[in-house]
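Summary of structural features
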Amino acid sequence: MSLDGQLPPKMRLLRAAAELLAKSAGAPVSTRQITQLAGVSAPTLYHHFGDKEGLFDAVVAAGFEEYVAGERDFAPSGQPLEDIRRMWDNHVQFGLNQPELYLVMFGNIRPESRPAIVADAEALMEEMLNKAAAAGQLNVQPREAARSILAANVGVTLMLIAEPATERNLELSTMTRDAMIFAVSAEPASGPAPGGTGKSSVVVAAIALNAALQASHSDQLSSSELKLFLEWLHRISTSPAG
């Protein structure tokens, strides 16, 4: 059974590929299956997308647009770390709602080949973490925090996808989320950190000032002065806590 023939061939191919991926349960999807469902010939697929992988790339790009919309689909609370928690939960829910698409987006990893989509997702997370850094709420650089949090977010989502739906324990996601945010947060714990491993207030202040300067595009310093100042701040913020 093919899709609505009134749709343009390119749109039918995108919908067919997305539908077949969603129903594939991880099995390979062939060019013939896609073109048959879309009601087009193979040359039509090659004309619009180059090959089957190009079509899948387009499906992933559309999926990422939906993912980004979900990550931004809330009004900022004014509390950046709380917004990070909401971004985490949105990410997990997106994966559970569209597991096959999520596996294509985040699970198709090859050695020493970092997918562009992962970098884009990190940039989205870093954007919010920059606000937390500027508010003095981070004890590591926003980029480092974004990579750590997203790695854990993807790992938990993949683990939950792999489990039978009736046995999924979403508390695992909540526990991991809060542990990761606590690990990068400058907010004081209820008691002293074991062994005094927390970052000093000087380091937290350096990270905050670094984030604020980069976001403000300040014209009070020349480009060379600003570059040198940011270098000093980076050195302070990455030095071991003393």
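Once a new chain begins, its residue numbering starts again from 1 and follows that chain's sequence as written. Per-residue local features are limited, in this predicted model, to residues with pLDDT of at least 70; the limit for side-chain atom pairs, both in listing and counting, is 80 or more; totals at the level of whole chains, interfaces and linings are taken over all residues. Hydrogens and water are ignored here; the side-chain numbers use all heavy atoms of the structure.

1. Concerning the overall build of the protein
A helix here means a DSSP run of H or I that spans at least four residues, while a strand means a run of E at least two residues long, and both kinds are numbered starting from the N terminus. Along its length, the protein carries eleven helices and zero strands. Tracing the protein from N to C terminus, the helices and strands come up as α-α-α-α-α-α-α-α-α-α-α. Type-normalised accessible area, obtained with a 1.4 Å probe on protein chains alone, sets the label of each residue: buried when under 20%, exposed when over 50%, and partly exposed for intermediate values. Looking at the protein as a whole, 38% of its 242 residues qualify as buried. Between two residues, a contact is recorded if the distance between any of their heavy atoms is within 4.5 Å. Pairs at least 24 apart in sequence give 66% of the contacts found in the protein among residues at least 6 apart. Taken as a whole, the protein presents about 13,800 Å² of accessible surface, with 56% of it coming from carbon and sulfur. Note on areas: Shrake-Rupley with a 1.4 Å probe; residue coverage comes only from the protein chains shown.

2. Some remarks on the side chain of T157
Tracing the backbone shows T157 in helix α8 (residues 142-162). Polar contacts, as used here, are pairs of N or O atoms within 3.5 Å; protein pairs need one atom able to donate a hydrogen and one able to accept it. Residues neighboring in sequence count only if both atoms are side-chain atoms. Here the side chain of T157 touches N153 through a polar contact of 2.7 Å, landing on its backbone oxygen. Excluding residues that lie within four positions of it along the chain, T157 makes contacts with H91, V92, G95 and Y102.

3. Thoughts on the UniProt feature "DNA-binding region" (unreviewed entry) in the protein
UniProt positions are given in the numbering used here, feature names are shortened, and annotations may be inferred rather than shown by experiment. As annotated in UniProt, the feature "DNA-binding region" (unreviewed entry) corresponds to residues 30-49 in the numbering used here. Helix makes up 80% of residues 30-49 and strand makes up 0%, while its end C-alpha atoms are separated by 15 Å.

4. Here's the deal with the packing of helix α5 (residues 80-97) against helix α9 (residues 171-184)
Between the N-to-C directions of two axes lies an angle of 0 to 180 degrees, each axis being a line fitted to C-alpha atoms and, for a helix, fitted only over the stretch in contact. The N-to-C vectors of α5 and α9 enclose an angle of 145°; their axes lie 11 Å apart at closest approach. Relative to α9, α5 is oriented so that their crossing is right-handed. Side by side, α5 and α9 meet where L81, I84, R85, W88, D89 and V92 of the first sit next to S173, T176, R177, D178, M180 and I181 of the second. Looking at side-chain class alone, the contact of α5 with α9 contains six nonpolar, two polar and four charged residues. Handedness of a crossing follows from how the near helix is turned relative to the far one, being left-handed for an anticlockwise turn of less than a right angle and right-handed for a clockwise one. Nonpolar residues are Ala, Val, Leu, Ile, Met, Phe, Trp, Tyr, Cys and Pro. Charged residues are Asp, Glu, Lys and Arg, and all others, Gly as well, are polar.

5. Some points on the environment of I117
In this structure, I117 sits in helix α7 (residues 116-134). When near neighbours in sequence (up to four residues on either side) are disregarded, I117 contacts V60, F64 and M105.

6. Focus: the pattern of salt bridges
Think of a salt bridge as a Lys or Arg side-chain nitrogen and an Asp or Glu carboxyl oxygen that are within 4 Å of each other. One pass over the structure, following the stated rule, counts seven salt bridges. R177 is the salt-bridge partner of D89, the closest N and O atoms lying 2.9 Å from each other. Note that D89 is positioned in helix α5 and R177 in helix α9, a separation of 88 residues in sequence. Between R147 and E122 there is a salt bridge whose closest N-O contact spans 3.4 Å. With a gap of 25 residues between them, R147 in helix α8 and E122 in helix α7 connect regions that are remote in the sequence. R147 gets classed as partly exposed once you look at its relative accessible area, which sits at 44%.

7. Notes on the confidence of the model for the protein
Confidence per residue, as judged by the predictor, is encoded in pLDDT with a range of 0 to 100. For the protein, the average pLDDT comes to 78, and 69% of its residues sit at 70 or higher. Averaged pLDDT values for the elements of the protein fall to 55 in helix α10 (residues 201-216) and rise to 95 in helix α3 (residues 42-49). Every residue in residues 189-198 scores below 50 in pLDDT, and together they form three contacts with partners more than four places removed in sequence or on other chains.

8. Quick look at α9
Owing to its 3.6 residues per turn, the α-helix aligns residues three or four sequence positions apart on the same side. Between the first and last residue of a helix there are one fewer steps than residues, each counted as 1.5 Å, and that sum is the expected span. With 14 residues, α9 ought to run about 20 Å at 1.5 Å a step, and its terminal C-alpha atoms sit 20 Å apart, in line with that. When we look at burial in α9, the residues that qualify are S173, R177, M180, I181 and V184. Along the axis of α9, the buried positions cluster into a sector of 95°, meaning they face one direction only. Exposed positions of α9 whose direction lies more than 90 degrees from the buried face are M175 and F182. Close packing links the buried residues of α9 with α5 and α8. The directions considered for the arc run from the helix axis to the C-beta atoms.

9. Side note on α8
If you check α8, its first and last C-alpha atoms are 30 Å apart, about what 21 residues at 1.5 Å a residue would give, namely 30 Å. Inspection of α8 places P142, A145, A146, I149, L150, A152, N153, V154, V156, T157, L160 and I161 among the buried residues, and these make up the whole buried set.

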